[in-house]
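As a plain string of letters, each chain reads:
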Amino acid sequence: MLPTLVSEIPITSWTLAYIAAFVIGVSKSGIKGIAIIIVTFMALAFGAKNSTGLIVPLLIVGDIFAVIYYNRHTQWKYILRFLPWMMAGVLIGVLIGKDLDEDTFKIGMAFIILGSVIMMYWWDRRKSKTVPDHWAFAGFMGVMAGITTMIGNLAGAFANIFFLAMRLPKNEFIGTAAWLFLIINVFKLPFHIWSWGTITWESVLIDLRLVPGIFVGLYVGVRLVKIIKESFYRKMILILTALGAVLILFR
């Protein structure tokens, strides 16, 4: 349970939470693949289950900024292809989230992510211009993204791999992902409030204290995205996604 008073939260928890909020801002500004840092720090600060509800409203704050800033680059055809599968995955995650064994989940997810990253690296090495157009690719990645975003706010890895496979340029990648995650995070809200009970008045009060950290992260992230070269951006996303998968095993 969360403390009934914000003043009861220890300084170490606040420190970890502010770092997580800062990283949310950096992530939403376009530096993808670092969500595992957010999830890990918030879980250390407030516990695994409580942290899921705390993170979602903060993500939405970052999503709104990203949508406003990168909206002109959005490629809706990829969102429409991916979103229905992701919503289906969220519904599956709602059903199994309370009873799923955490060790089994994190080990399975880590190996799936690593396998997908290896596949993407192989595609990049062969410099193929073709992209996976079979419905099963979007379906598998979308369902897995939905399940993992509901249970652990860790959909980024699967969405990253899907958008990288579509070979979206940097700004189109960021703008498309911004709208996708704004829609899906708002979609998750009712389940966190009424089904899992992980979003409460206490969690909202904590989130309000953390919002400034998001704005600082957004400012820093936008600056970083402007100086990162297109070719390096793809490699960076793959590396950060792979590191995230490894960190899941030790979380």
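## Brief notes about the overall build of the protein
- The helix and strand inventory of the protein stands at 10 helices and 0 strands.
- Tracing the protein from N to C terminus, the helices and strands come up as α-α-α-α-α-α-α-α-α-α.
- The proportion of buried residues among the 251 residues of the protein is 54%.
- Contacts spanning at least 24 positions in sequence make up 86% of the contacts within the protein whose residues lie at least 6 apart.

## Observations concerning unusual backbone geometry
- One non-glycine residue, arginine 167, adopts positive backbone phi at about 60°.
- Positionally, arginine 167 belongs in the loop between helix 7 (156-165) and helix 8 (170-195).

## Here we look at empty space enclosed by the protein
- Considering all chains together, one arrives at 3 cavities of 30 Å³ or more under this definition.
- As a volume, the largest cavity reaches approximately 220 Å³.
- Class assignment for the residues of the lining of the largest cavity results in 9 nonpolar, 7 polar and 3 charged.

## What to know about the pattern of salt bridges
- On inspection of all chains with the given rule, the structure shows 1 salt bridge.
- As a salt-bridge pair, aspartate 63 and lysine 28 come within 2.6 Å of each other at their nearest N and O atoms. One end of the pair, aspartate 63, is in helix 3 (residues 48-70); the other, lysine 28, is in helix 1 (residues 11-28), with 35 residues separating them in the sequence. Taken individually, aspartate 63 and lysine 28 each receive the classification buried, so the pair is uniform in this respect.

## Details of the packing of aromatic side chains
- What the rule picks out here adds up to 10 aromatic pairs.
- Ring geometry for phenylalanine 65 against tyrosine 69: centres 5.6 Å apart, planes inclined by 15°, an arrangement best described as stacked. You can see phenylalanine 65 and its partner tyrosine 69 sitting in helix 3, 4 residues apart, about one turn around the helix.
- For phenylalanine 65, a relative accessible area of 25% translates into the label partly exposed.

## Side note on the side chain of aspartate 63
- On the basis of relative accessibility, which here comes to 0%, the residue aspartate 63 falls in the buried class.
- Here the side chain of aspartate 63 touches lysine 28 through a polar contact of 2.6 Å, side chain to side chain.
- Once you skip the residues sitting within four places of it in the chain, aspartate 63 turns out to touch Lys28, Ala178, Phe181, Leu182 and Asn185.

## Concerning the confidence of the model for the protein
- Put simply, the protein has an average pLDDT of 82, and 80% of its residues get 70 or more.
- Mean pLDDT values for the elements of the protein range from 67 in helix 5 (residues 102-125) up to 92 in helix 4 (residues 76-96).

## Digging into the packing of helix 3 against helix 9 (residues 201-227)
- As a packed pair, helix 3 and helix 9 sit with axes 9 Å apart at the nearest point and diverge in direction by 40°. The interaxial crossing formed by helix 3 with helix 9 has right-handed handedness. Contact residues: helix 3 offers Gly53, Leu54, Pro57, Leu58, Val61, Gly62, Phe65, Tyr69 and Tyr70, while helix 9 offers Ser203, Ile206, Asp207, Leu210, Val211, Ile214, Phe215, Leu218, Val222, Val225 and Lys226.
- Partitioning the contact of helix 3 with helix 9 into residue classes produces 15 nonpolar, 3 polar and 2 charged.

Cut-offs applied
Residues numbered from 1 in each chain as written. Predicted model: local features only at pLDDT ≥ 70, side-chain atom pairs only at ≥ 80, totals over all residues. Heavy atoms only, no water. Helix = DSSP H or I, 4+ residues; strand = E, 2+ residues; numbered from the N terminus. Buried < 20%, exposed > 50% of the residue type's maximum accessible area, 1.4 Å probe, protein only. Contact = heavy atoms within 4.5 Å. 1 Å grid on protein atoms, 1.4 Å probe; cavity = no way out; pocket = protein on both sides within 12 Å on 5 of 7 lines; lining within 4 Å. Points joined across faces, edges and corners; volume = space filled by probe spheres on them. Nonpolar A, V, L, I, M, F, W, Y, C, P; charged D, E, K, R; others polar. Salt bridge = Lys/Arg side-chain N within 4 Å of Asp/Glu carboxyl O. Phe/Tyr/Trp six-rings, centres within 6.5 Å; stacked < 30°, edge-to-face > 60°. Polar contact = N/O pair within 3.5 Å; in protein donor to acceptor, adjacent residues only side chain to side chain. pLDDT = per-residue confidence, 0-100. Axes fitted to C-alpha atoms, helices over the stretch in contact; angles between N-to-C directions. Left-handed = near helix turned anticlockwise from the far one by under 90°.

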